[in-house]
Amino acid sequence: MAKPLILDLPGDPRGRLLEGLALSIVEKGYGATTIADVVARARVSKRTFYEHFADKQACYLALYSAASDQMLEVIAQVAAEDGTWRERLDAAARAYLSALALQPALTRTFLMEIQAAGERALAARREVHGRFATLLRALTQDAAREDPGLTPLSAPMATAIVGGINELLLEAVEDGRTTQLAELADTAGALLTA
């Protein structure tokens, strides 16, 4: 059986369906997961599934959105803690990468399979990356208030940094190093600091 999820999902039927999909992805992979797998793990009927989601992809996109929301919240919370701007950025990078490493199967699915899951999935990915870039801009604006010698990130630069971090993650996942993602924290921190 799959190990417990790190995600904090509601206990209502919709949340249980998201958890059922996540557990099935961890155990079998997204491609091999069926709606029957999801409803069995969620302990609900197929009818309940279709009351909440049109298909497996819609459920997957809702799970991707929920996981992304939680990751962005982790980054924002850690970055708001005490310390210098550099310490906060480094801590945020470590927290993000460590959280991803805790659920390697989900991380692999969200990084790799989202790219091939259709137009809606690509739009969801772009929206999440945009929110990540906006968060990075806010963090660098806070840093610039502390150290007037710093320049906050522009929107294009924030997008480039998100893309760079994503490529680092993809390379590690493709190489089978998903559980070691926290090792990329120094590189990600240096990229943010630069």
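Use the structure listed above.
Residues numbered from 1 in each chain as written. Predicted model: local features only at pLDDT ≥ 70, side-chain atom pairs only at ≥ 80, totals over all residues. Heavy atoms only, no water.

### A look at the layout of surface pockets
Phase 1 of the analysis: Put simply, the largest pocket is a space of about 490 Å³.
Phase 2 of the analysis: In this structure, the largest pocket is lined by 29 residues; those nearest its centre are Ala67, Ser68, Met71, Tyr96 and Leu100.
Phase 3 of the analysis: Here the lining of the largest pocket gets 10 residues from one element, more than from any other, and that element is helix α4 (residues 56-79).
Phase 4 of the analysis: Estimated volume of the second largest pocket: approximately 240 Å³.
Phase 5 of the analysis: Forming the boundary of the second largest pocket are 15 residues, of which Thr151, Leu153, Leu192, Thr193 and Ala194 lie nearest the centre.
Phase 6 of the analysis: Per element, the largest residue contribution to the lining of the second largest pocket is three residues, and it comes from helix α9 (residues 185-193).
Phase 7 of the analysis: Here the residues of the lining of the second largest pocket are counted per class, giving 11 nonpolar, four polar and no charged. (1 Å grid on protein atoms, 1.4 Å probe; cavity = no way out; pocket = protein on both sides within 12 Å on 5 of 7 lines; lining within 4 Å. Points joined across faces, edges and corners; volume = space filled by probe spheres on them. Helix = DSSP H or I, 4+ residues; strand = E, 2+ residues; numbered from the N terminus. Nonpolar A, V, L, I, M, F, W, Y, C, P; charged D, E, K, R; others polar.)

### A word on the pattern of salt bridges
Between side chains of opposite charge, a pair can form when the charged atoms approach closely.
Phase 1 of the analysis: Evaluated as defined, the whole model comprises 10 salt bridges.
Phase 2 of the analysis: Between Arg47 and Glu51 there is a salt bridge whose closest N-O contact spans 3.8 Å. Taken together, the positions of Arg47 and Glu51, both in helix α3 (residues 46-52) and four residues apart, correspond to about one turn of that helix. In this structure, Arg47 and Glu51 share a single accessibility class: exposed.
Phase 3 of the analysis: Measuring nitrogen to oxygen at the nearest pair gives 2.2 Å for the salt bridge that ties Asp142 to Arg145. (Salt bridge = Lys/Arg side-chain N within 4 Å of Asp/Glu carboxyl O. Buried < 20%, exposed > 50% of the residue type's maximum accessible area, 1.4 Å probe, protein only.)

### A short note on the side chain of Gln57
Phase 1 of the analysis: With respect to the helices and strands, Gln57 occurs in helix α4.
Phase 2 of the analysis: Ignoring any residue separated from it by four or fewer positions in sequence, one finds Gln57 in contact with Tyr30, Ala117, Gly118, Arg120 and Ala121. (Contact = heavy atoms within 4.5 Å.)

### So, helix α8 (residues 155-174)
Quick reminder: α-helices carry 3.6 residues per turn. Residues three or four places apart thus point the same way.
Phase 1 of the analysis: Over its 20 residues, α8 runs 28 Å from end to end, which matches the ideal 28 Å to within 8%, given 1.5 Å per residue.
Phase 2 of the analysis: On its buried face, α8 is in contact with α5 (85-102), α6 (104-112), α7 (119-146) and α9.
Phase 3 of the analysis: Where α8 begins, the side chain of Ser154 points an oxygen toward the backbone nitrogen of Met157, at a separation of 3.1 Å. (Expected span 1.5 Å × (residues − 1). Polar contact = N/O pair within 3.5 Å; in protein donor to acceptor, adjacent residues only side chain to side chain.)

### Considering empty space enclosed by the protein
Phase 1 of the analysis: In the structure shown here, the tally under the stated rule is one cavity of 30 Å³ or more.
Phase 2 of the analysis: In this structure, the largest cavity occupies an estimated 80 Å³ of space.
Phase 3 of the analysis: Ile75, Ala92, Ala93, Tyr96, Leu97, Phe132, Leu136, Leu139, Ile165, Ala188 and Leu192 together form the lining of the largest cavity.
Phase 4 of the analysis: When contributions to the lining of the largest cavity are tallied by element, the ones reaching two or more residues are α5, α7 and α9.
Phase 5 of the analysis: Considering each element in turn, the lining of the largest cavity owes the most residues, four residues, to α5.
Phase 6 of the analysis: Classifying every residue of the lining of the largest cavity gives 11 nonpolar, no polar and no charged.

### Section: the nonpolar core
One recurring pattern in soluble globular proteins is that nonpolar side chains are buried together.
Phase 1 of the analysis: In this structure, Ile75, Tyr96, Leu97, Leu136 and Leu169 are the most contacted members of the largest nonpolar core, which totals 34 residues.
Phase 2 of the analysis: Counting only elements with at least two residues in this core, the list comes to α4, α5, α7, α8 and α9.
Phase 3 of the analysis: Counting residues per element, this core draws most heavily on α5, which supplies nine residues.
Phase 4 of the analysis: With residues up to four places along the chain from it excluded, the contact list for Ile75 reads Ala92, Tyr96, Phe132, Leu135 and Leu139.
Phase 5 of the analysis: In this structure, Leu21, Val44, Tyr60 and Leu106 belong to the second largest nonpolar core, which totals 28 residues. (Core = buried A, V, L, I, M, F, W, Y, C linked by side-chain atoms within 4.5 Å.)

So, to be careful, I would describe these as geometric facts and stop short of saying anything about function.
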